[in-house]
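Chain residues, written in single-letter form:
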Amino acid sequence: MRVFNFAAGPAALPTEVLEQARDELLDWNHGGMSVMEISHRGKAFMRAAAEAEADLRELLAVPAGYKVLFMQGGASAQFALVPMNLSAPDATVDYINTGHWSGKAIHEAARYCRVHVAADCGPAYTAVPTQAQLSFSGRAAYVHYTPNETIGGVEFSYVPDAGDAPLVADMSSNILSRPIDVARFGLIYAGAQKNIGPAGLCIVLVREDLIGSARADTPRVFDYAAVAAEDSMLNTPPTFAWYMAGLVFKWLKARGGLAGIAEHNRGKAARLYAAIDSSGFYRNEVATEARSRMNVTFHLARPELNEEFLRRAEDAGLKNLKGHRIAGGLRASIYNAMPAEGITALVEFMREFERAHA
Ligand SMILES: Cc1ncc(COP(=O)(O)O)c(C=O)c1O
């Protein structure tokens, strides 16, 4: 039986996609073999790979002049690859710090260049800065931010204006959750394991004029220009993850693309926050305008009940609601694949639990 899986990542995939993958597992594309067992350079896989890229471009309405790369190493590798590809060792780079993942990105970038922090929302990290609160260095090779902080449940509702500097975004936990204007960004990267597909794949969208000047010691498999020149097949790519991402893109297209899924996501998050706000038993600490539509963090007024809440939720088929170990409390990650019924079940469970303990 499928449960409602509220994990932050690797996260739930659409059931329809898993069913299709199951049906095709032993005999993909009438070849009598699994997609995992064939050459990435064969015609069949190359066609599927190109189709996945075309569907992703269509979903995000990627304008001309951008490369789409299918890379490995996760979003964490990009924390280093962005400075290695886009900055010189004596360069200054600007970072907006809104929580755990921006902090990690800053820490890694500081190994490669000078980091100027344009805004820091610590120590609480329960809000995002306004545009007026951003204090740029004025000489940055790029400006980096994290549109959605997966652990804190904090999401930007606007795209910062970085002036002349290219804007770089770690969209790992909210890519494909709503339409975006790609032209506002110099580079977008996202680990796949939330809204794209299985872990092992990292998508990078990069403006063509920004590539080609990676540092000399950048490994070739991590040089955006080299990867782009080989259509992300410079070495063996994670073929199964790429195939699964392609199925997820088709699933999204069939659901009205990003406008359709955005409406669905807005409704899901609104219902969950309303349930939290209407009760004195649950509490969300994030500034209203910065509440994430993907990761809803909440606390019990009586934290000693956390373990019981989690145990009973598990029994009710509501899995992985524990907050991140560094944040504590509870968290419901409700990415694209979480159906509306999952929110209904969670809200009903929360009301029931409150009635039993208030
Ligand atoms: C916003 C964000 N950035 C980066 C990462 C790190 O991703 P990876 O494990 O793919 O390196 C995560 C992981 O959850 C994340 O949520």
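Cut-offs used in this document
Residues numbered from 1 in each chain as written. Predicted model: local features only at pLDDT ≥ 70, side-chain atom pairs only at ≥ 80, totals over all residues. Heavy atoms only, no water. Near = heavy atom within 4 Å. Polar contact = N/O pair within 3.5 Å; in protein donor to acceptor, adjacent residues only side chain to side chain. Areas by Shrake-Rupley, 256 points an atom, 1.4 Å probe, with all protein chains shown as cover. Helix = DSSP H or I, 4+ residues; strand = E, 2+ residues; numbered from the N terminus. Nonpolar A, V, L, I, M, F, W, Y, C, P; charged D, E, K, R; others polar. Domains from an automatic or database assignment. Contact = heavy atoms within 4.5 Å. Buried area = accessible area lost by both parts, 1.4 Å probe. Salt bridge = Lys/Arg side-chain N within 4 Å of Asp/Glu carboxyl O. Patch = residues over 30% accessible without salt bridge, like charges linked within 9 Å, V, L, I, M, F, W, Y side chains within 5 Å. 1 Å grid on protein atoms, 1.4 Å probe; cavity = no way out; pocket = protein on both sides within 12 Å on 5 of 7 lines; lining within 4 Å. Points joined across faces, edges and corners; volume = space filled by probe spheres on them. Phe/Tyr/Trp six-rings, centres within 6.5 Å; stacked < 30°, edge-to-face > 60°. Core = buried A, V, L, I, M, F, W, Y, C linked by side-chain atoms within 4.5 Å. Buried < 20%, exposed > 50% of the residue type's maximum accessible area, 1.4 Å probe, protein only. Expected span 1.5 Å × (residues − 1).

Participant: Please explain the site of the ligand as it appears in this structure.
Facilitator: Within the structure, the ligand sits among Gly74, Ala75, Ser76, Phe79, Trp101, Asn148, Thr150, Asp170, Ser172, Ser173, Gln193 and Lys194. Measuring from an oxygen atom of the ligand, one finds a side-chain N or O atom of Thr150 at 2.4 Å. Burial of the ligand by the protein chains amounts to 85% of its free accessible area of 390 Å². In terms of residue count, the dominant contributor to the shell around the ligand is helix H3 (residues 74–86) (four residues). Grouping the amino acids of the shell around the ligand by side-chain chemistry returns three nonpolar, seven polar and two charged.

Participant: Explain the domain arrangement of the protein here, please?
Facilitator: Buried accessible area, meaning the area lost when the parts come together, often serves as the stated size of an interface. Here the protein is described as being made up of domain 1 (15–254) and domain 2 (257–357). Distance between the C-alpha centres of domain 1 and domain 2: 27 Å. Facing the 26 residues of domain 1 at the interface are 25 residues of domain 2. Counting each side, the surface lost to burial between domain 1 and domain 2 is near 2,000 Å², with a carbon and sulfur contribution of 58%. Inspection of the domain 1/domain 2 interface yields zero salt bridges. Of all elements in the fold, only helix H2 (43–60), strand E6 (148–149), strand E7 (154–155) and helix H6 (239–254) reach the threshold of two or more residues within the side of domain 1 that touches domain 2.

Participant: Please explain a nonpolar patch on the surface as it appears in this structure.
Facilitator: Together, Leu25, Leu26 and Met36 give the surface a local cluster of nonpolar side chains, amounting to about 320 Å² of exposed area. Assignment of secondary structure puts Met36 in the loop between helix H1 (15–24) and H2.

Participant: How should I be thinking about empty space enclosed by the protein in this particular structure?
Facilitator: As enumerated under the stated definition, the model contains two cavities of 30 Å³ or more in all. Surrounding the largest cavity, Ala12, Leu13, Pro14, Lys194, Asn195, Val248, Trp251, Leu252, Asn336 and Ala337 form its lining. Looking at the lining of the largest cavity, its residues break down into seven nonpolar, two polar and one charged. Split into classes, the residues belonging to the lining of the second largest cavity amount to six nonpolar, two polar and no charged.

Participant: Can you help me understand the packing of aromatic side chains in this one?
Facilitator: By convention here, two paired aromatic rings are described through the distance between centres and the angle between planes. A complete count under the given rule lists 17 aromatic pairs for this structure. Measuring from ring centre to ring centre gives 6.5 Å for Phe79 and Trp101, while their planes differ by 40°; the resulting arrangement is tilted. Taken as a pair, Phe79 in helix H3 and Trp101 in helix H4 (residues 100–109) lie far apart in primary sequence, 22 residues in all. Grouped by ring-pair contacts, the aromatic residues Phe281, Tyr282, Phe298, Phe309, Phe349 and Phe353 constitute a single cluster.

Participant: Help me out: how do you make sense of the nonpolar core in this one?
Facilitator: Nonpolar side chains in soluble globular proteins tend to end up buried together. If you look at the biggest cluster of nonpolar residues, it comprises 55 residues, and the most contacted ones within it are Leu60, Ile175, Leu176, Ile196, Ile203, Leu205 and Phe249. Looking at which element gives the most residues to this core, the answer is H6, with 10 residues. The residue makeup of this core includes at least three contributed by each of domain 1 (15–254) and domain 2 (257–357). Not counting the four nearest positions on each side in its chain, Leu60 is found in contact with Ile175, Leu176, Ile180, Val182, Leu205 and Leu258. Core analysis: the next-biggest nonpolar cluster, separate from the first, contains 27 residues, Phe6, Phe281, Ala313 and Leu346 among them.

Participant: So what exactly am I meant to see when it comes to helix H7 (residues 257–277) here?
Facilitator: Taking 1.5 Å per residue, 21 residues should reach 30 Å; H7 reaches 30 Å between its end C-alpha atoms and fits that length. Restricting attention to buried positions, one finds in H7 the residues Gly257, Leu258, Ile261, Ala262, His264, Asn265, Lys268, Ala269, Leu272, Tyr273, Ala275 and Ile276. Against the buried residues of H7 lie H2, H6, strand E11 (282–283), strand E12 (295–300), strand E14 (330–333) and helix H9 (340–357).

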